Amino acid sequence: MSTALIIVDIQNDYFLNGKMELSNPDKAAANAAKVLDWFRQNNKDNIFHVQHIAGSLELGFFLPNTEGAELHETVLPLEHENLIVKNFPNSFLKTDLESKLREKGVTKVVVVGMMTHMCIDATVRAAVDLGFETTLIEDACATRDMSVVPAEQVHYAFVSALKSMYANVISTEDFLQQ
């Protein structure tokens, strides 16, 4: 069985002074980089970087041809790695991610990235619905405060929901020690 890494939306607008700052994006990106390094050493042909480009200026961030929409320096793709551009929270919706995974015989995916409550949730659920055995590296993800709910609570509420029926949820350290 082949396993792929899907790095979702680790982009500049989510970091300090970006247009949609998250809580602790640097920690999540550093953990995602550790997972990326592991894949580069152990499974280099199955790395998929996902970049969200706003389909409408109304979104207010990830605007086309802006520094904020660029992938963050901690997880920049190498030349041979796959880049999937999306316009929706679900990384599979109207992209060729599923077909590229199937072409490579991938049956399992590992997901890291941003925002837990939106694009990570949508991507993990879609991956499972499409039949992929899915692992979420929870500390390689970040989100933001939602109204009166602090980011940490938002993050763990969504991670807990995904763990209940969708994904194997583990830490970066546990993944690296497997």
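Look up: the structure comes first, before these words.
Let me begin by describing the structure that accompanies this report. (Residues numbered from 1 in each chain as written. Predicted model: local features only at pLDDT ≥ 70, side-chain atom pairs only at ≥ 80, totals over all residues. Heavy atoms only, no water.)

**Topic: the overall build of the chain**
Link 1 in the chain: Each helix and strand counted, the chain has five helices and six strands in total.
Link 2 in the chain: The helix and strand sequence of the chain, counted from the amino end, reads β-α-β-β-α-β-α-β-α-β-α.
Link 3 in the chain: Over its C-alpha atoms the chain spans a radius of gyration of 15 Å, differing by no more than 12% from the 16 Å that the globule rule assigns to 178 residues.
Link 4 in the chain: Here the C-alpha coordinates of the chain stretch approximately 40 × 35 × 30 Å along the principal axes.
Link 5 in the chain: Within the span of the chain, comprising 178 residues, buried residues form 52% of the whole. (Helix = DSSP H or I, 4+ residues; strand = E, 2+ residues; numbered from the N terminus. Rg over C-alpha atoms; globule rule 2.2 N^0.38 Å. Buried < 20%, exposed > 50% of the residue type's maximum accessible area, 1.4 Å probe, protein only.)

**Focus on the pattern of salt bridges**
Link 1 in the chain: All told, the structure shown has five salt bridges when counted by the stated rule.
Link 2 in the chain: One salt bridge connects glutamate 81 with arginine 40, and the closest N-O pair in it is separated by 2.7 Å. Linking glutamate 81 in the loop between β2 (47-52) and β3 (82-86) with arginine 40 in helix α1 (residues 25-42), this pair joins segments that are 41 residues apart in sequence.
Link 3 in the chain: Note that arginine 102 and glutamate 98 form a salt bridge whose closest N and O atoms lie 3.1 Å from each other. (Salt bridge = Lys/Arg side-chain N within 4 Å of Asp/Glu carboxyl O.)

**Section: the packing of aromatic side chains**
Link 1 in the chain: Counted under the stated rule, the structure contains seven aromatic pairs.
Link 2 in the chain: Between phenylalanine 92 and phenylalanine 132, the aromatic rings sit 6.1 Å apart at their centres with planes inclined by 20°, giving stacked as the arrangement. Taken as a pair, phenylalanine 92 in the loop between β3 and α2 (97-103) and phenylalanine 132 in the loop between α3 (116-129) and β5 (133-142) lie far apart in primary sequence, 40 residues in all. The same class applies to phenylalanine 92 as to phenylalanine 132, namely buried.
Link 3 in the chain: Members of the aromatic cluster, joined through ring pairs, are Tyr14, Phe61 and Phe62. (Phe/Tyr/Trp six-rings, centres within 6.5 Å; stacked < 30°, edge-to-face > 60°.)

**Points about unusual backbone geometry**
In most cases, non-glycine residues show a negative phi, while peptide bonds are predominantly trans.
Link 1 in the chain: In this chain, methionine 114 is followed by methionine 115 through a cis amide linkage whose omega measures -20°.
Link 2 in the chain: Note that methionine 115 resides in the loop between β4 (106-114) and α3.
Link 3 in the chain: In this structure, aspartate 9 takes a positive phi of about 55° despite not being glycine.
Link 4 in the chain: For aspartate 9, the position within the fold is in the loop between β1 (2-8) and α1.
Link 5 in the chain: Despite not being glycine, serine 147 has its phi angle at roughly 55°, a positive value.

**A closer look at the pairing of β4**
Link 1 in the chain: Counting buried positions along β4 yields seven of nine residues, so the element is predominantly enclosed.
Link 2 in the chain: Across six bridges, β4 lies against β5 in parallel orientation. If you follow methionine 114 over to β5, its bridge partner there is alanine 142. (Pairing = 2+ DSSP bridges.)

**A look at the sheet that holds β2**
Link 1 in the chain: If you walk across this open sheet you meet the six strands as β3-β2-β1-β4-β5-β6, and the pairing is parallel. For this open sheet the edge positions go to β3 and β6 (168-170), each flanked by a neighbour on one side alone. On average, each strand axis in the sheet is tilted by 25° relative to the strand beside it, whichever way the strands run.
Link 2 in the chain: Bridge analysis of β1 against β2 gives four bridges, and the strand direction is parallel. Bridge pairing in β2 places isoleucine 7 opposite histidine 49.
Link 3 in the chain: Running over the sheet, α1 touches β1, β2, β4 and β5 and is turned about 140° from β5.
Link 4 in the chain: Contacting β5 and β6, helix α4 (residues 151-165) crosses the sheet at an angle of about 170° to β5. (Axes fitted to C-alpha atoms, helices over the stretch in contact; angles between N-to-C directions. Contact = heavy atoms within 4.5 Å.)

**Some thoughts on a nonpolar patch on the surface**
Link 1 in the chain: A surface patch of nonpolar side chains, about 260 Å² in accessible area, is lined by Met146, Val148 and Val149.
Link 2 in the chain: Relative to the helices and strands, valine 148 resides in the loop between β5 and α4.
Link 3 in the chain: Overall, the relative accessible area of 75% leaves valine 148 in the exposed class. (Patch = residues over 30% accessible without salt bridge, like charges linked within 9 Å, V, L, I, M, F, W, Y side chains within 5 Å. Areas by Shrake-Rupley, 256 points an atom, 1.4 Å probe, with all protein chains shown as cover.)

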